[in-house]
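This is what each chain is made of:
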Amino acid sequence: MRAITVRDRAAGVGGLTLTDMPYPHAAENDVIVRVHAAGFTPGELDWPATWSDRAGRDRTPSIPGHELSGVVVELGYGTTGLTVGQRVFGLTDWARNGSLAEYAAVEARNLAPLAADIDHSVAAALPISGLTAWQGLFDHAHLTTGQTVLIHGAAGGVGSIAVQLARETGAHVIGTGRADDRDVALGLGAQTFLDLDADDLRHVGEVDVVFDVIGGDILERSTELVRPGGTLVTIAMPPTVQPKDGRAVFFVVEPDRARLADLAQRVRAGRLTPIVGDVRPLAETASAFGRHRRTPGKTIIQVADDQAARPS
Ligand SMILES: NC(=O)c1ccc[n+]([C@@H]2O[C@H](COP(=O)([O-])OP(=O)(O)OC[C@H]3O[C@@H](n4cnc5c(N)ncnc54)[C@H](OP(=O)(O)O)[C@@H]3O)[C@@H](O)[C@H]2O)c1
């Protein structure tokens, strides 16, 4: 099957190569998904799991990409809950071959059924961004109605979903990003927008929750904005500074089939709109990784839109 692989960590994005790889093996409780659309996360080439398995052994050539939408073509031994021919979307394991391939082996519990009226390219933009936004805002920061939340990178993959979820829950939303992101962030529901290159973060005042996707200096300066009892949640890096009278939490998104189904239902109901910034074919993955910056929302790799059969 055709897949994008990486072999050399030092090569960075330039090392993403279209390769012929073996059809994946369906282990216990896996399904094999014929991938129609795949998503990747900027920065995943720096994650240890891209290069090593759970025992720390080299697993190159590895297939990156951890979000997919497609159709089940095979069930592993003992797999229940999904059927061959079913449309599904979800996450692949960090330390196994991923979604930038024609076929992917995925634990069935990491996938949710996908209704026929949601495009694969839209569904592939949801799993990591949607679950990360939900878990950050509600599981870790416990955001509630009437609170104020500062969402960094509000036009990006995670931020654009976080803005919509926070607004729907009745929070006051301050979005940040670059000057070009203003219209997107305000259009998604942010009430205020800060250009991080030009505006002073201190003008925000105190907030109940900071949702950080950037890290570094922005993360550090944002800790001062957390109101006593409030929370800074970051997905970028473990924080080195804690808010004076609050909490700072770094987390890695976890699969959650029920929440995926809920997010898809919100999309169907018109309550949530994943921003698909760019759609590129599999062969253009390397340039899509490189071009991703400056494109609002999520870049999606279209792998297949046909009913191609399993290769012999
Ligand atoms: N811990 C987890 O579970 C988890 C889950 C998902 C993602 N992540 C990580 O979280 C980060 C964000 O993911 P994403 O998918 O939302 O990425 P994304 O789509 O690139 O969104 C990030 C947004 O922040 C903006 N931004 C970044 N640095 C900025 C700066 N200094 N000033 C102003 N704006 C800035 C980006 O604008 P530009 O494109 O113009 O820079 C972009 O709009 C990535 O590092 C990713 O690896 C972690």
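Only a predicted model underlies this, so the values are computations on that prediction, with no experimental measurement involved. (Residues numbered from 1 in each chain as written. Predicted model: local features only at pLDDT ≥ 70, side-chain atom pairs only at ≥ 80, totals over all residues. Heavy atoms only, no water.)

J.: Could you clarify how one ought to interpret the packing of helix 2 (residues 127-140) against helix 3 (residues 157-168) in this entry?
T.: What describes two packed helices is the angle between their axes and the distance between those same axes. With their axes 8 Å apart at the nearest point, helix 2 and helix 3 run at an angle of 50° to one another. With respect to their mutual orientation, helix 2 and helix 3 come out oblique. Classified by chirality, the crossing of helix 3 by helix 2 is right-handed. Packed against helix 2, whose contacting residues are Ser129, Gly130, Thr132, Ala133, Trp134, Leu137 and Phe138, the element helix 3 presents Gly157, Val158, Ile161, Ala162, Leu165 and Ala166 at the interface. Grouping the constituent residues of the contact of helix 2 with helix 3 by class yields nine nonpolar, four polar and no charged. (Axes fitted to C-alpha atoms, helices over the stretch in contact; angles between N-to-C directions. Helix = DSSP H or I, 4+ residues; strand = E, 2+ residues; numbered from the N terminus. Parallel < 35°, antiparallel > 145°, perpendicular 65-115°, else oblique. Left-handed = near helix turned anticlockwise from the far one by under 90°. Contact = heavy atoms within 4.5 Å. Nonpolar A, V, L, I, M, F, W, Y, C, P; charged D, E, K, R; others polar.)

J.: Explain the domain arrangement of the protein to me, please; I cannot follow it from the model alone.
T.: A common way to state how big an interface is: give the accessible area lost once the parts meet. By domain assignment, the protein separates into domain 1 (2-125 + 275-302) and domain 2 (129-250). Averaged C-alpha coordinates put domain 1 and domain 2 at centres separated by 28 Å. Every contact between the two is made by nine residues of domain 1 and, on the other side, ten residues of domain 2. Taking both sides of the interface into account, the surface hidden between domain 1 and domain 2 amounts to around 690 Å²; carbon and sulfur atoms contribute 48%. The interface formed by domain 1 and domain 2 holds zero salt bridges in total. (Domains from an automatic or database assignment. Buried area = accessible area lost by both parts, 1.4 Å probe. Salt bridge = Lys/Arg side-chain N within 4 Å of Asp/Glu carboxyl O.)

J.: Just to check I follow, could you spell out the pairing of strand 5 (residues 87-91) for this structure?
T.: Looking along a regular strand, one sees side chains alternate from face to face of the sheet. Of all five residues in strand 5, five are buried, a share of seventy percent or more. The sheet contact formed by strand 5 and strand 7 (residues 111-113) spans three bridges and is antiparallel. Residue pairing in the sheet places Gly90 in a bridge with Leu111 of strand 7. (Buried < 20%, exposed > 50% of the residue type's maximum accessible area, 1.4 Å probe, protein only. Pairing = 2+ DSSP bridges.)

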